[in-house]
Amino acid sequence: RWMGDGPAVWKTPVAERADTGTAGQEPLSAGGNHHGALAETPDQKKRYGVKQGDGTVNAIRLVDRTGTQTITTGANPVWAVARSGSARIYALNSGSGTVSAIDTVTDSVVGSASVGAGANYVVYDGSLNRLYVTHPVANTVTGVTVATHPPAVVFTRPVAGAPTDAALPPSAPR
């Protein structure tokens, strides 16, 4: 477990996935692409679903559950998180090793940061306006500030044993 200037990291399986390609759910297209994580804006106006097979993220307007845009992010997006204030969604692209910043008004990529191919999980820390990205292949956690545009890597730290997810301590003093 790693504790430091951010989350605690454990070697555990990622549990939160979404099977959203079935009838009666959000309008994410079915087919051969694996639908991964969902991220909802804090204002509850939109939900974003990553599509691993084709390097895209689907935007869904929640008021009427209609798809608004298919956004090309990078190879093999596996996770997404929303920024407080609902202005950005961050998609982690494991294949291309990037985090894509998506503007929620225009539903377009407005910047990215390189975190290394094989990264598999991201968590947002609103108190520091920072993302923490786990990388089980490199045994690292990378901190990315999203207070700047585009997002920028502020550190990469080694951790023991293939981290696969992260959790922030509740109201921990900084």
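Just so it is clear, the structure is predicted and the values come from calculations on it, not from any experiment.

From N to C terminus, the protein chain includes 0 helices and 14 strands. Seen in sequence order, the protein chain has helices and strands lined up from the N terminus as β-β-β-β-β-β-β-β-β-β-β-β-β-β. Within the protein chain, buried positions represent 50% of all 174 residues. Of the roughly 7800 Å² that the protein chain leaves accessible, carbon and sulfur atoms contribute 52%.

Side-chain direction in a regular strand flips from residue to residue, so the side chains alternate between the two faces of the sheet. Most of strand E12 (residues 140-145) sits inside the fold, with 6 of its 6 residues counted as buried. Because side chains alternate across E12, one face comprises the buried residues Thr-140, Thr-142 and Val-144, and the other comprises Val-141, Gly-143 and Thr-145, equally buried. Where strand E11 (residues 130-135) folds back onto E12 in an antiparallel hairpin, the turn is made up of 4 residues, including Asn-139, whose phi is positive at roughly 55°. Across 6 bridges, the pairing between E12 and strand E13 (residues 152-158) is antiparallel.

Applying the stated criterion to the full structure yields 2 aromatic pairs. Plain terms: the ring middles of Trp-79 and Tyr-121 are 4.7 Å apart, the flat faces sit at 50° to each other, and that makes the pair tilted. Taken together, the positions of Trp-79 in strand E6 (residues 77-82) and Tyr-121 in strand E10 (residues 121-125) put the pair 42 residues apart, joining distant regions of the chain. Under the relative-accessibility criterion, Trp-79 is labelled buried at 7%. Look at Tyr-121 and you get buried, because its relative accessible area is 13%.

A few words on the nonpolar core. With 35 residues, the main nonpolar core has Trp-79, Leu-92, Leu-131 and Val-133 as its most contacted residues. Among the elements that make up this core, the one with the highest residue count is E6 (5 residues).

On to the pattern of salt bridges, then. Where charged atoms of side chains with opposite charge meet at close range, the side chains can pair. Evaluation of the coordinates by the stated rule reveals 5 salt bridges. Where Asp-107 meets Lys-46, a salt bridge forms, and the shortest distance between an N and an O atom there is 2.9 Å. Residue Asp-107 is located in the loop between strand E8 (98-103) and strand E9 (108-114), and its partner Lys-46 is located in strand E3 (residues 46-51); the two are separated by 61 residues in the primary sequence. Considered together, Asp-107 and Lys-46 belong to a single accessibility category, that of buried residues. We note a salt bridge from Arg-88 to Asp-103, for which the minimum N-O separation is 3.1 Å. On the criterion of sequence distance, the pair formed by Arg-88 in strand E7 (residues 88-93) and Asp-103 in strand E8 is long-range, its members being 15 residues apart. Grouping residues by exposure puts Arg-88 and Asp-103 together as buried.

Parameters and conventions
Residues numbered from 1 in each chain as written. Predicted model: local features only at pLDDT ≥ 70, side-chain atom pairs only at ≥ 80, totals over all residues. Heavy atoms only, no water. Helix = DSSP H or I, 4+ residues; strand = E, 2+ residues; numbered from the N terminus. Buried < 20%, exposed > 50% of the residue type's maximum accessible area, 1.4 Å probe, protein only. Areas by Shrake-Rupley, 256 points an atom, 1.4 Å probe, with all protein chains shown as cover. Pairing = 2+ DSSP bridges. Phe/Tyr/Trp six-rings, centres within 6.5 Å; stacked < 30°, edge-to-face > 60°. Core = buried A, V, L, I, M, F, W, Y, C linked by side-chain atoms within 4.5 Å. Salt bridge = Lys/Arg side-chain N within 4 Å of Asp/Glu carboxyl O.

Coordinates in, geometry out; function isn't part of it.
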